[in-house]
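Fold and geometry: a report
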Amino acid sequence: MNKEGTFFRLLKYMGRYKLLYAGLIITMLVSIVLDLSVAWFLSLITNAAVKLEVDRWPILILMGVGMLICISLIAYFDTYLKQKASLKIRNDIRQDTMEHALRLPQSYYDQHHTGDLLARFTSDNQAVGEASGNVIMALLKNPLLALCAFIYLLSIHWPLALITISIGPLMILAGKTFGEVMRKKGIRLQEAMGRTTSFLQDVLGASILYKIFGLEKKIANQYRQYSSEISEIERSQGKIQGAANSVSQGIANLTFIIAILLAGFFVAKGSLEVGAMLAFIQLMNYLVNPFSALPSLWSGMQQALAGAERIFQVIDFPKEYTELPQESHAKASFSELAVSNVGFSYTDSVDDLVLRDVRFHVYAGQTIAIVGTSGGGKSTLFKLLMGLYIPTTGTIEIDGRDREAIGLREYRNYFSLVPQESVLFTGTIRDNIMDGNPSVHEEQMIAAAKQANAYDFIMKLPDGFETEIGERGSRLSGGQKQRIAIARAILRDAPILLLDEATSALDNESERVVQDALTKLMVGKTTLVIAHRLSTVQNADLILVMENGQLVEKGTHDALLLAGGRYHTLYHSQMEKDEQSLVLEI
Ligand SMILES: Nc1ncnc2c1ncn2[C@@H]1O[C@H](COP(=O)(O)OP(=O)(O)OP(=O)(O)O)[C@@H](O)[C@H]1O
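Residues numbered from 1 in each chain as written. Predicted model: local features only at pLDDT ≥ 70, side-chain atom pairs only at ≥ 80, totals over all residues.

Attention now goes to the overall build of the protein. Across its full length, the protein carries 21 helices and 10 strands. Relative to the compact-globule value of 25 Å for 586 residues, the protein shows a C-alpha radius of gyration of 35 Å, a clear excess of over 25%. Along the first, second and third principal axes, the C-alpha atoms of the protein reach 120 × 50 × 50 Å. The buried share of the protein, taken over its 586 residues, is 35%. (Helix = DSSP H or I, 4+ residues; strand = E, 2+ residues; numbered from the N terminus. Rg over C-alpha atoms; globule rule 2.2 N^0.38 Å. Buried ≥ 20, exposed ≤ 12 C-beta atoms within 10 Å, placed from the backbone.)

Printed below as a string of structure tokens:
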């Protein structure tokens, strides 16, 4: 997107608050009038002093006090309204970004680091907020104030006014030159911020890992590099800002000196009053200052546009749903899941397929086990079943209808998932269980916890169901987290259950309790289970053996053993390993 496009999109957000901006324009106009009246007031005082008109002082004092009060009031309203506009726009953009983020396809999250996404919610959002309040209003006010001051100057002494205005084109040129460089630096800075946030998120969320592996020094060095990169860009931004200020101040001071020398000369020649000269000097401030502020304002705007561009990249990424889905309700039942000729590539290229010609049927109430070597495509198949990715070739149909015909949200309502390591949200145990179905009653929630073998341990916690579980459940053991996730899945009550090696990360005792909870969860459901331990899948109605993205065998445990193929080899090599480890343990 070009920067004009970005700017107009930002303007649309501002357009939502027309009244607020109308108020800001009014305060801006009043403040311009007040600024100019200060010049006029100066000339009144000076002329009264030169002409020894002492009797005019009471009225002049009253006028001065009146102007001071007005200036203070306007300054208050101006700051308040700018702040309000900026906060409202930041809030709107934040919410739009979130609504889009929630509808982004899984492929976005696989390709982007969440830390980078976070930076777009925070530092980019802040830059945009600054631009839509202070910066844009200053960019409007400054040229207008300069124009009004110029017209006033013309009425005082036109040759002097023309000399003074010559500063304008020079300042605009400086503003454009420095602004463009600042924009590029701005983009680099925001990207570096994104990288650093990603790094911090990884590291701070894995304190155990760096402590155990002694990675502190390595991480500190890496962070030094990230931090130095930010400092380096900020330093060079500082240099550009410094150069912009110095050039603009230089031009401003030069114009100022020339104009004052000439004004003094005209006063000495008697063609200009002393009061007019003072007013002239004050007006010159209003002409020169806005122009000298222009380069840095322009570069601030460019930086904000760089931030806005990064936010709009998220908002423009093709999303899964047009509307934010409503609270989802699991489907009551289903009859048949048909996977036909499914091929899939993460890169959308048929040369890069990680699944090839996968086909099988699952009927209501069956338990299907998916086994095979690492990297064979088991988890990818689950992602396709859950509608996180679309098959590159072939179809997945539930009761004769595919994902598109059913509608994505409704399609996902057929499924419930218990992954290898369950993801819980920061909050209480109750919040996490109720995520399965927020509309159930207390008794149903407790029953689900009991069925998931979680009730006893929850009751032993000081706050029971109200216990805060820490970041992603960090205050719970692996087995406890799995049991909370199972209680959540019980409440969801979806007809198809996907178990992705749900007990593989647990020790024997914990595995037994969780497996028991899973068995209860599986009652009356259709279950697809990814399993590494072949001993756990012997009772499955159908076992699918996957290798290199293909279904190399399928059948029951007994049939596959009899067939003496891949499953037979896998099974026996695992049995041997188990026996060896048993001997070692003894
Ligand atoms: N998001 C992704 N982007 C690109 N390639 C991926 C992605 N996820 C997985 N892959 C690749 O797809 C292939 C299948 O991976 P998948 O995770 O489905 O295997 P798996 O059978 O579940 O393995 P494991 O048993 O080790 O978990 C692998 O070659 C993997 O590198």
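What the domain assignment lists for the protein is domain 1 (3–316), domain 2 (331–414 + 495–586) and domain 3 (421–493). Relative placement of domain 2 and domain 3: their C-alpha centres are 26 Å apart. Counting from both sides, the interface comprises 12 residues of domain 2 and, opposite them, 11 residues of domain 3. Counting residues per element, the side of domain 2 that touches domain 3 draws most heavily on helix H19 (residues 508–522), which supplies 8 residues. In the side of domain 2 that touches domain 3, the residues fall into 9 nonpolar, 1 polar and 2 charged. (Domains from an automatic or database assignment. Contact = placed C-beta atoms within 7 Å. Nonpolar A, V, L, I, M, F, W, Y, C, P; charged D, E, K, R; others polar.)

An order of S6-S7-S8-S3-S9-S10 is seen for the 6 strands of this open sheet, with the pairing classed as mixed. Each edge of the open sheet is held by one strand with a lone partner, namely strand S6 (415–418) and strand S10 (550–555). Averaged over all pairs of adjacent strands, the angle between strand axes in this sheet comes to 20°, irrespective of strand direction. Strand direction decides the pairing type here: strand S9 (residues 542–547) and S10, joined by 5 bridges, are antiparallel. Within S10, the residue paired with Met546 across the bridge is Leu551. Sheet strands touched by helix H12 (residues 378–385): strand S3 (367–372), strand S7 (496–500), strand S8 (526–530) and S9. Its angle to S7, the strand with the most contacts, is close to 150°. Helix-sheet contacts for helix H18 (residues 478–492) involve S6 and S7, and the interaxial angle to S6 is about 170°. (Pairing = 2+ DSSP bridges. Axes fitted to C-alpha atoms, helices over the stretch in contact; angles between N-to-C directions.)

To continue, consider the environment of Asp402. Here Asp402 is to be found in strand S5 (residues 401–402). By C-beta crowding, Asp402 is classed as partly exposed, having 16 other C-beta atoms within 10 Å. Between the C-alpha atoms of Asp402 and Leu337, which are 65 residues apart in sequence, the distance is 9.7 Å. Those residues in contact with Asp402 that lie beyond four places of it in its chain are Thr395, Ile396 and Glu397.

In the vicinity of the ligand, the contacting residues are Asp110, Tyr346, Val354, Ser374, Gly375, Gly376, Gly377, Lys378, Ser379 and Thr380. No other element matches the 3 residues that H12 contributes to the shell around the ligand. (Near = placed C-beta within 6 Å.)

The periodicity of an α-helix, 3.6 residues per turn, causes residues three or four positions apart to be oriented the same way. Taking 1.5 Å of rise per residue, 54 residues should cover 80 Å, and helix H10 (residues 216–269) covers 76 Å from first to last C-alpha, within 8% of that figure. Within the span of H10, buried status applies to Ile240, Ala244, Ser248, Ile251, Ala252, Thr255, Ala259 and Ala263. In the stretch just after H10, Gly270 is the one whose phi turns positive, near 85°. (Expected span 1.5 Å × (residues − 1).)

Of all 6 residues making up S3, 5 are buried, and the element is well covered by its neighbours. In this structure, S3 lies alongside S8, joined through 4 bridges in parallel fashion. By the bridge assignment for S8, Thr367 is matched with Thr527. Looking at chain direction, S3 and S9 are connected through 5 bridges and run parallel. Directly across from Gly372, in S9, lies its bridge partner Met546.

Time to look at the confidence of the model for the protein. When pLDDT is averaged along the protein, the result is 85, and 94% of the positions lie at 70 or above. What the predictor reports for the complex is a pTM of 0.74 with an ipTM of 0.96. (pLDDT = per-residue confidence, 0-100.)

Here we come to the sheet that holds strand S4 (residues 393–398). Overall, antiparallel pairing links the 4 strands, which are arranged S2-S1-S4-S5 in an open sheet. This sheet does not close on itself; its edge strands, each paired only once, are strand S2 (355–363) and S5. With 5 bridges connecting them, strand S1 (residues 336–344) and S4 associate as antiparallel partners. When the bridges of S4 are listed, Ser340 appears paired with Thr395.

What follows deals with helix H5 (residues 114–121). What H5 keeps buried is the set Leu117, Ala119 and Arg120. Each buried residue of H5 sits inside an arc of 155° when the element is viewed along its axis, so together they form one side. (Arc of directions from axis to C-beta.)

One can describe the packing of H10 onto helix H11 (residues 274–316) by two numbers: an axis separation of 10 Å at closest approach and a directional angle of 165°. Between H10 and H11, the crossing angle belongs to the class labelled roughly antiparallel. Considering the relative orientation of H10 and H11, their crossing is right-handed. Facing H10, whose interface residues are Gln241, Ala244, Asn245, Ser248, Gln249, Ala252, Thr255, Phe256, Ala259, Ile260, Ala263 and Val267, H11 presents Val274, Met277, Phe280, Ile281, Met284, Val288, Phe291, Ser292, Pro295, Ser296 and Ser299. (Parallel < 35°, antiparallel > 145°, perpendicular 65-115°, else oblique. Left-handed = near helix turned anticlockwise from the far one by under 90°.)

Quick look at the nonpolar core now. Note on soluble globular proteins: their nonpolar side chains tend to be buried together. Judged by nonpolar contacts, the single largest core of 66 residues is most densely connected at Ala369, Ile370, Ile433, Ile486, Ala487 and Ile543. When residues in this core are grouped by element, the largest group, 7 residues, is from H18. Structurally, this core is a two-domain feature, drawing no fewer than three residues from each of domain 2 (331–414 + 495–586) and domain 3 (421–493). Once you skip the residues sitting within four places of it in the chain, Ile543 turns out to touch Ala369, Val371, Val537, Lys554, Gly555, Thr556, His557, Leu560 and Tyr567. (Core = buried A, V, L, I, M, F, W, Y, C linked by C-beta atoms within 7 Å.)

Apart from glycine, the bulk of residues carry a negative phi angle, and the bulk of peptide bonds sit in the trans form. A positive phi is found at Asn341, a non-glycine position, where the angle reads about 50°. The topology assignment puts Asn341 in strand S1. Phi is positive for Asn548, close to 45°, though the residue is something other than glycine. Along the chain, Asn548 falls in the loop between S9 and S10.

This part covers the environment of Ile89. With respect to the helices and strands, the residue Ile89 is situated in helix H3 (residues 57–103). Taking the C-alpha atoms as reference points, Ile89 and Asn125, separated by 36 residues in sequence, lie 9.3 Å from one another. What Ile89 contacts, discounting residues up to four positions off in sequence, is Tyr13, Met14, Gly129 and Ser132.

For S8, the buried fraction is high: 5 of the 5 residues fall into the buried class. Side chains of S8 alternate between two faces, with Thr526, Leu528 and Ile530 and Thr527 and Val529 buried alike. Where S7 meets S8, 5 bridges bridge the pair, whose relative direction is parallel. Counterpart to Leu497 in the pairing with S8 is Thr527.

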